[in-house]
Amino acid sequence: MQKVLLTGNEAIARGAFESGVGVGAGYPGTPSTEILENFVNYPGIYAEWAPNEKVALEVGFGASLAGARALVTMKHVGLNVAADPFMTMSYTGVNGGLVVISADDPGMYSSQNEQDNRFYARFAKIPMLEPGDSQEAKDYLKEAYLISEQFDTPVLFRLTTRLSHTRTPVLLGEDSSGPVARDFQKNISKFVMLPGYARKRHLAVEERRLRLQEYAETSGLNQTVWGNRSIGIIASGVIFNFAREALGDDASYLKLGLTYPLPIQLISDFASQVERLIVVEELEPFLEDQIKAAGIAVEGKSLFPRVGELDPVLIEQGVRGASRFEANYQIPDGLPGRPPIMCPGCPHRSVFYVLHKLKARVTGDIGCYTLGAMPPFEAMDACLCMGASIGASLGMEKARGSEFARRLVAVIGDSTFVHSGITGLIDHIYNKSTGTIIILDNRTTAMTGHQDHPATGLTLSGREAPKLDLAALVRSLGVRSVRTIDPYDLKATEQAIREEMDREELSVIITSRPCVMISKERLLNEITHQDQCTGCKKCLRLGCPALYLAGDRVRRDEELCNNCAVCEQVCPQVKGETAENE
Amino acid sequence: MIRETRTIMLDGVGGQGIIMASKILIDGLIQADYDVKSSEVHGMAQRGGSVITQLRYGDRVYSSLVGEGAVDVLFAMEKLEAMRYAHFLKKDGLLLMNEMEIPPASVLTGESSYPGDINERLGALPVKFFPIAAEAKARELGNVRVMNVIMAGALIKLIGLADDLDWSAVVTAAVKPQYKELNLEAFRSGMELVRHSRPQVLVCNR
């Protein structure tokens, strides 16, 4: 058998293939995205990007109902979107095995919060597995399908960024001989959740919970590693590896691969054989609280931070009071930061330049364009979750009236609009707003690494698909003022935004330009302003990384520049104006 | 003999080819039969921001990352980023730095200034400091993008792994066929840049 180095996400895709998964669905979200991107390359399977996580899980539900094994992937906040089907699928159970991947992001490398999705397992009474490296990711996933089918339940498979994006060696298993499929059998009382049937299913869920608890006590997913017994560590996922790194053989370990339901007897036995029992877990005291509730004395969050990622140094400091390692010097104060920025030629740039100039109040959304909140634009007043820009702008208008709405704009990307902006827009129409909504259509899901979606005309497998026409969709919903503009045309962009903000009627502006990272078109604009620069620095207000100050003149880095030529359109010299002071 | 676990931290600015450099290192280390774990950062952090990855190798590696003060080698593709993460290095750790300045946005717009004394300040730290002109060398070779491979060559030489396996085969496998010769030359010239330095004995983790 072949040994290869895989990321956690690649290993999960491989595990799904080896398990005979027939249908995979998800919505892109860091750190989960590469699971389906890899899974789609295996033979004989179907995989898709769904418009959002709720639909993805419903597709998974249907696939399971029909008898296939299903894989549904999302980032942690995606499970909030999919929580509705998730909670009730606990009641219906499965036909073919179903695994929901929740990729959490402690430390918030690319997320708006760091919620701990382990609570969803307990909330829904669904068993949860947490692998610690790529090998386990693959192997546990196969185990997850067995549990799903044996116990008639969806399984929550929880990852963190450090599992998803860490490469570790994996011994591959046998190729699948094709997707496994059970027969579809009509079973109304199990799958139609009318109250009368749901009441019976809730009893089945409770009975299942007890059987799972019994299973957890003896499952090979939970393992004890004996070392020095003065310290006993309970940990799961990558945190077990961090703890092992920090403490080596100076401690004994109870490594939990199945973290819901908890094997309380196993934990109690382990506790009785060590002097000091410590739970090491990232974020919330999920294990600690349950262990304490079972009457077992244990330390935990009193020793470790409840916020952000753990690492071996933090663990050693928590357990021993000090680490062998400590920074030998301080990072000097006042180092210029290097936050992420919009790329050179990013089609979002001109929109935020204009919104800043017009002093608009902006409800924002999730995507690269959230960077519009950063200097030099600072043209965003809120960003909450996928799709929220649109509902939030309606709420602001209803609170403050249509005069306030004259300066109010919601901005949302194309993929995010399809994900969960459409229903918000329907609310604007239904409840008569007069606001302005800008759909920043760069024809991709850019921030997660350029995934296709229903409005790009391609599927996850690269096949052509009917291209959702955003302008036609918006019109059909009842928006009368809909215009599509080229954001590289600064004048047209400014004019459109001005006019639509002034209009006492709901309007939608679609700014249409492909993301410069995927665009094959290079604008071959002759950029001339460099020679004429008088040092007014007006172009620096674009925050373009290709423009820099050299002495008192602005220069353009030709290696970085993507020739969008927006800088020329703000340059008074090129425009033949005198520098104005705005 | 047990091979101690080592930690290499690679940092720089999104787009500088850190993932590629770490891929070359990982592929080679796997061939040399090490256990390897490497953690990357994706998503919003990639949009021109500061990027870090950690790569750990040894006979048995548990954690994919370590914390401040626990890194053996810092491989910095950019000077300001070298300064930003130098506190992750152990005392006497090895700091390999590309002599390249990429001004962040606040410097471009004149709101802050790029520190002018980075080499002096890093040179004064209790670490083995190796600033090399990888960017300049890459330009000399005709393609600035290969500076990551130059840095990788220098690193392999410095940490004493140059003779452990056929690195040119590793580099060849990691790059597109049409860029094979360019990258091989880049890798060799990286080794050449540190030819007068003896391989550095890394301090033990424990």
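Reading the values: the criteria
Residues numbered from 1 in each chain as written. Chains lettered and ligands numbered in written order. Predicted model: local features only at pLDDT ≥ 70, side-chain atom pairs only at ≥ 80, totals over all residues. Heavy atoms only, no water. Helix = DSSP H or I, 4+ residues; strand = E, 2+ residues; numbered from the N terminus. Contact = heavy atoms within 4.5 Å. Phe/Tyr/Trp six-rings, centres within 6.5 Å; stacked < 30°, edge-to-face > 60°. Buried < 20%, exposed > 50% of the residue type's maximum accessible area, 1.4 Å probe, protein only. Domains from an automatic or database assignment. Buried area = accessible area lost by both parts, 1.4 Å probe. Pairing = 2+ DSSP bridges. Axes fitted to C-alpha atoms, helices over the stretch in contact; angles between N-to-C directions.

Draft legend 1. Layout of the environment of Asn442(A). Residue and element names in this part refer to chain A. In this structure, Asn442 sits in the loop between strand S16 (436-441) and helix H19 (470-477). As for Asn442 and Lys125, which are separated by 317 residues in sequence, their C-alpha atoms are 40 Å apart. When neighbours within four sequence positions are excluded, Asn442 is seen to be in contact with Pro347, His348, Asp414, Arg513, Pro514, Cys515 and Ile518.

Draft legend 2. Structural view of the packing of aromatic side chains. Residue and element names in this part refer to chain A. Tallied over the entire structure, the rule returns 12 aromatic pairs over all chains. Geometrically, the ring pair formed by Phe17 and Tyr42 is stacked, given 4.5 Å between the ring centres and 15° between the ring planes. You can see Phe17 sitting in helix H1 (residues 8-18) and its partner Tyr42 sitting in the loop between helix H2 (34-39) and strand S3 (46-49), a full 25 residues away along the chain. The class of Phe17 is buried, set by a relative accessible area of 6%. Measuring from centroid to centroid gives 6.4 Å for Tyr120 and Phe123, while their planes differ by 35°, and the two rings are tilted. Of this pair, Tyr120 and Phe123 both sit in helix H6 (residues 118-124), three residues apart, which is roughly one turn of the helix. Taken together, Phe86, Tyr120 and Phe123 form an aromatic cluster joined through their ring pairs.

Draft legend 3. Focus on the domain arrangement of chain A. Residue and element names in this part refer to chain A. For chain A, the assigned domains are domain 1 (3-218), domain 2 (222-319), domain 3 (349-519) and domain 4 (529-575). On a C-alpha basis, the centroid separation for the pair domain 3 and domain 4 is 27 Å. Contacts between domain 3 and domain 4 engage 11 residues on the former and 12 residues on the latter. Here domain 3 meets domain 4 over a buried area of about 910 Å², counting both sides, of which 65% is carbon and sulfur.

Draft legend 4. Here's a closer look at the sheet that holds strand S14 (residues 361-363) of chain A. All names here are of chain A. Taking strand neighbours across the sheet as the criterion, the five strands line up as S14-S15-S16-S18-S17 in an open arrangement whose pairing is parallel. What marks the edges here is a single partner per strand, and that holds for S14 and strand S17 (481-485). Strand-to-strand twist of the sheet, defined as the mean angle between neighbouring strand axes without regard to direction, takes the value 20°. In the sheet, S17 pairs with strand S18 (residues 507-512) via five bridges, with the strands oriented parallel. Residue pairing for S18: Ile485 is matched across the bridge by Thr511. Running at roughly 155° to S16, helix H15 (residues 349-357) makes contact with S14, strand S15 (408-413), S16 and S18 of the sheet. Helix-sheet contacts for helix H20 (residues 490-502) involve S15, S16, S17 and S18, and the interaxial angle to S17 is about 165°.

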